[in-house]
Every structure is written in structure tokens, then in C-alpha cells.
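# Overview (structure and organization)
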Amino acid sequence: MSKNAVNVLNKLNKAGYDAYLVGGCVRDLLLGYEPKDFDVATDASPEQVKKVFRNCRLIGRRFRLAHVFFGREIIEVATFRSSNSDDNKDQKVHEDGRLLRDNVFGSIEDDVWRRDFTVNALYYNIRDFSIIDYTGGMDDHTAGILKLIGDPATRYREDPVRMLRAVRFAVKLGFSLDQATEKPIFELAPLLKGIPAARLYDETLKMFLSGKGIQAFEMLRHYGLFKNLFPQSDHCLNSEQNNFPRIFIAKALENSDKRIADGKSVTPYFLMAAFLWEAVQGAAKEQMRGGDDESIAYQHAASKVLSAQVKSISIPKRVTQSMREVWLLQLRFEKRIGGRPFRLLGHPRFRAAYDFLLLRAETGGADSKVAEWWTKFQEASDAEQKKMTRPPRKSKSKAKTKAKNKKIKSDNG
Ligand code: ATP
Ligand code: MG
């Protein structure tokens, strides 16, 4: 357990407050996993928490929280929340049922019912090393079941992101969704459209960069969630051509899952570029039919696809910039004569673009001979590289035959 988290619990207790570990850290510790972060719930108000810790900052509008800093580690301390309030100035509900602001403080008994899944509503009490469980979360945890607290449809309407969390935790923990928790998702999936695009980007990355991206993808497709996150990709998947697009995204995810398993780094832009590649190609073809040359067509297609995508999921500029580069570099792999291959090799996105090319070749979307050439080119010595990029002999031998013919002609008079 994080020493800093223990420190926070003890300090709050000493100051006369109740404080518990809650949420993912308790759930994960019970499974023997190392928690990603440690969250604390307390009956102290954010201002009271701030008085206990020097190294503390208050953040958030939708939920007011205290962050306690220990070097690079942040312990998040949240005051118990309540859903009942006579004075609703601190709680605001959108007409579609979504909670917009939720700052009503309460007791632990109130706080429990605000949480999403029963296994996320277990409170660890360091005073007596016990776990407090109001919702049957321990039984569900033992059985490996994700069950929403309360009426599932209502809870999804309050916050549609809970549908994505259901998928993320099912995949991460290897748990299954309780029937009642699962059922409304098919129908309510379109509610994701009402979620701010920035929040969806974070959630999406968490799902796909978890090391089990392929499972998350399949589950999201199954529940009809994927098409609300990546409408253009979903459209391509449904109109698949000799099996190609479906394989491509799945392969990209398999690849990145494997990299994570091997302890290698994965970048969001690579996956995002893979998700939208088929759409970019489609749009580029259309541009070319309209008369653009290939390079211009791909630039326009990239802009078009990206601006449509960021309506559902806002992707940071630096990420879209890299996606664009990976796409456009694909065209340059075709040019293998003269100085161009050397310049491409020195491009900061070369490695990612080359991996992308391999993936395309693997799934039938690019000439495998081109991919093999680039593999060989990188490993080649300077002399070999020069040889590989020399203009083909053909023109030389053509010139030779021409000269020869001329000679024969002149010989013949
Ligand atoms: P992990 O940190 O591994 O992603 P987690 O369960 O800790 O999983 P957090 O997003 O850190 O997830 O949230 C901490 C806790 O806050 C959750 O366990 C849950 O109890 C509560 N919570 C978070 N998001 C929601 C939500 N959208 N609706 C209801 N409760 C939530
Ligand atoms: Mg957490």
C-alpha cells in the first residue's frame, strides 16, 4: 500500500475526521494487483482537508476535490457526497438526466450510493483494518461480477461514461457484467454523444492502452458503443472490403497489446491513426476522383476525417499532428530512388510510419515487397543503401540497346 496514502489516512484520523481508502485501489488490492492510484474518502470538507496538509490543492468544479502532493504521487481526497439535497444550488441535473454539478456533501452512507459499481464502493478503514461494504460489493468481487449500484438505466443516464467504465473494468479485471447492468447499454449507447469530447478522449485512451485493447474493442463493438466514439471507423468496419479494415484495426490493437506486455511504449497517435486510416483512404480516393493529385488528396482527406472525428472525441493537437504525419508518410514509402529514402529515414516519425507500413503489409493493405525493401534498407550498410537507391539499370540498358541499334543501323549503312 502506498506509504503516502497511509500517511493521509492517519493524519485525517488524528485530526478527528473519518477517512477511508475507496474505489479502484481497494478493489485492485483485493485482487493482488498494484493500484494505479489511491483515492481517499473523508467526512472532512475540502477546506478542512486543506488545513490538515500543507502540500494540498483544491481542484475541480463538477466534483470539488483535494489533491495532496508527495513528490510525483498525488493522493486524491474527496469529501463524502450526497445525492439528496433540499437546496439544489450545489447539484445540477441536465434535462436528459445527466449530473452536471454535484457538490452536496454527505455521510459515508450517502457517498456509497453515488459510486458506480458495487466493487468500486468498498471502503478500507485503517483504524481497524476492516472493509466497509454497504452494497454487497465483497460478494460481487469474489464472484467476479460488475454490478451497477441502483437502477442501471438511471445511473447510465446520469453519467453515460459509466457504460465505458463497465467495459473498461470488465476487460481490466476479467469480470463479467451483471445481466441487469449489461442490458440497458445496447439502447443507451447513443447517450455518449452528449458527453464533452475531451472527457471521452481520456476514457478512450484508458481503454485502448490498457494492454487489453483488443478485448475492449470487441466489447465496445458488441454493445454499440464503438460507433459513438469512432463513427467513421465503424462505418468502414461495416462496409468491409475483402476483410481488410476489420483486420487492420484489430491487428493494430493486438500489436499494441503485445508491446505493452513486452514492456515497450505505445503512443496514442499510432492507434488513433490506425483507427481512422481506412476512412482517410476512402476520403482521399474521393478527392482524387475530384481531380486532386495523391499528395493533396491525402492532406485534404486527413483534415476532413480529423475534423469529423474530434466532434466525438477531442484529440489533442500534437496527437492529430502526428497522426497526419504517419498517414502522409505512407505515400513517401513508394519513392525509393535517389535522396528521398534517406530524407525519409531521418524524419522524426519514420519509425512509427514504418511500423504502420508493416501493419498495412501484414493485413494486405500495402505491397509487402515495399515493406521488405524498407526493412532491408534500414539494416543495410552505406554502400548497400546507395546501391538500393540508385536509379534502375533499365534506363541504362535501354540506352545501351539504343546505341547498339544505332551502331547496327550505321553498320548497315
Ligand atoms: P482505476 O483508477 O483503476 O481506473 P477506479 O475505480 O479507481 O479505477 P477512478 O476513475 O479512479 O476509477 O474513480 C475512483 C472511484 O470513484 C471509483 O472506484 C468509483 O467509486 C468512483 N467513480 C469514478 N467515476 C465515477 C462515475 N462516473 N460514476 C460514479 N462513480 C464514479
Ligand atoms: Mg482510481
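Worth saying up front: this structure is predicted, and the values here are computed from it rather than measured. (Residues numbered from 1 in each chain as written. Chains lettered and ligands numbered in written order. Predicted model: local features only at pLDDT ≥ 70, side-chain atom pairs only at ≥ 80, totals over all residues. Heavy atoms only, no water.)

Near ligand 1 there are 17 residues, and of these Lys36, Asp159, Arg162, Arg168 and Lys172 occur at the shortest range. One of the side-chain nitrogen or oxygen atoms of Lys36 is found 2.8 Å away from an oxygen atom of ligand 1. A distance of 3.0 Å separates an oxygen atom of ligand 1 from a polar atom in the backbone of Asn120. The fraction of the free accessible surface of ligand 1 (580 Å²) that becomes covered by protein chains is 85%. When atom positions are compared with the pocket grids, ligand 1 is found to occupy the largest pocket. Secondary-structure elements contributing two or more residues to the shell around ligand 1 are helix H2 (24-31) and helix H7 (161-173). The leading source of residues in the shell around ligand 1 is H7, at five residues. When grouped by side-chain class, the residues that make up the shell around ligand 1 number one nonpolar, three polar and 13 charged. (Near = heavy atom within 4 Å. Polar contact = N/O pair within 3.5 Å; in protein donor to acceptor, adjacent residues only side chain to side chain. Areas by Shrake-Rupley, 256 points an atom, 1.4 Å probe, with all protein chains shown as cover. 1 Å grid on protein atoms, 1.4 Å probe; cavity = no way out; pocket = protein on both sides within 12 Å on 5 of 7 lines; lining within 4 Å. Sits in = over half its atoms within 2 Å of the grid points. Helix = DSSP H or I, 4+ residues; strand = E, 2+ residues; numbered from the N terminus. Nonpolar A, V, L, I, M, F, W, Y, C, P; charged D, E, K, R; others polar.)

Before going further, it helps to examine the layout of surface pockets. As a volume, the largest pocket reaches approximately 1200 Å³. If you trace the largest pocket, you find 38 residues lining it, with Asp39, Phe63, Glu76, Arg165 and Lys206 closest to the centre. Looking at the second largest pocket, its volume works out to about 420 Å³. Considering the residues around the second largest pocket, the lining is formed by 19 residues, among which Asn255, Arg259, Ser265, Phe270 and Asp355 are closest to the centre. Elements with a contribution of two residues or more to the lining of the second largest pocket: helix H13 (244-261), helix H14 (268-289) and helix H18 (350-362). (Points joined across faces, edges and corners; volume = space filled by probe spheres on them.)

Here seven strands make up an open sheet; going across it, the order is E3-E4-E5-E2-E1-E8-E9 and the pairing mixed. Of all strands in the sheet, those with a lone pairing partner are strand E3 (56-59) and strand E9 (130-133), marking the two edges. Adjacent strand axes in the sheet meet at a mean angle of 35 degrees when their direction is disregarded. Here six bridges tie strand E4 (residues 65-70) to strand E5 (residues 73-79), and the two strands are oriented antiparallel to one another. Within the sheet, the bridge partner assigned to Ala66 lies in E5 and is Val77. On top of the sheet, H2 reaches strand E1 (19-22), strand E2 (39-42), strand E8 (122-125) and E9; it is set at about 60 degrees to E1, its chief contact. (Pairing = 2+ DSSP bridges. Axes fitted to C-alpha atoms, helices over the stretch in contact; angles between N-to-C directions. Contact = heavy atoms within 4.5 Å.)

We now examine the packing of H7 against helix H10 (residues 213-222). Packed helix pairs are characterised by how far apart their axes lie and by the angle those axes make with each other. Put simply, H7 and H10 touch, their axes get as near as 9 Å, and they point 140 degrees apart. For the element pair H7 / H10, the angle class is oblique. In this structure, the crossing between H7 and H10 has a hand that is right-handed. Along the contact surface, H7 presents Leu164, Val167, Ala170 and Val171, while H10 presents Gln215, Ala216, Met219 and Leu220. Within the contact of H7 with H10, the residues separate by chemical class into seven nonpolar, one polar and no charged. (Parallel < 35°, antiparallel > 145°, perpendicular 65-115°, else oblique. Left-handed = near helix turned anticlockwise from the far one by under 90°.)

Taken as a whole, this structure holds 17 salt bridges when the rule is applied. A salt bridge links Asp116 to Arg165, with the shortest nitrogen-to-oxygen separation between them at 2.7 Å. With Asp116 in the loop between helix H4 (108-114) and E8 and Arg165 in helix H7, the pair connects residues that are 49 residues apart, well separated along the chain. By relative accessible area, Arg165 is classed as partly exposed at 21%. For Glu158, the salt bridge goes to Arg162, with nearest N and O atoms at 2.9 Å. Here the salt bridges do not stand alone but share partners, grouping Arg27, Asp28 and Lys172 into one network. (Salt bridge = Lys/Arg side-chain N within 4 Å of Asp/Glu carboxyl O. Buried < 20%, exposed > 50% of the residue type's maximum accessible area, 1.4 Å probe, protein only.)

Considering all chains together, one arrives at 22 aromatic pairs under this definition. Measuring from centroid to centroid gives 6.0 Å for Phe117 and Phe169, while their planes differ by 85 degrees, and the two rings are edge-to-face. On the criterion of sequence distance, the pair formed by Phe117 in the loop between H4 and E8 and Phe169 in helix H7 is long-range, its members being 52 residues apart. Accessibility expressed as a relative area gives 3% for Phe169, which makes it buried. For the ring pair Phe350 and Tyr354, a centre distance of 5.9 Å and an interplane angle of 10 degrees mean the geometry is stacked. One end of the pair, Phe350, and the other, Tyr354, are both in helix H18, four residues apart, so they sit about a helical turn from each other. With respect to burial, Phe350 and Tyr354 carry one shared label: buried. One aromatic cluster is present, built from ring pairs that chain together Phe333, Phe342, Phe350, Tyr354, Trp373, Trp374 and Phe377. The residue whose ring lies beneath Arg336 is Trp373, and the NZ or CZ to ring-centre distance is 5.6 Å. (Phe/Tyr/Trp six-rings, centres within 6.5 Å; stacked < 30°, edge-to-face > 60°. Lys NZ or Arg CZ within 6 Å of the ring centre and 35° of its normal.)

In short, shape yes, function no, at least from these values alone.
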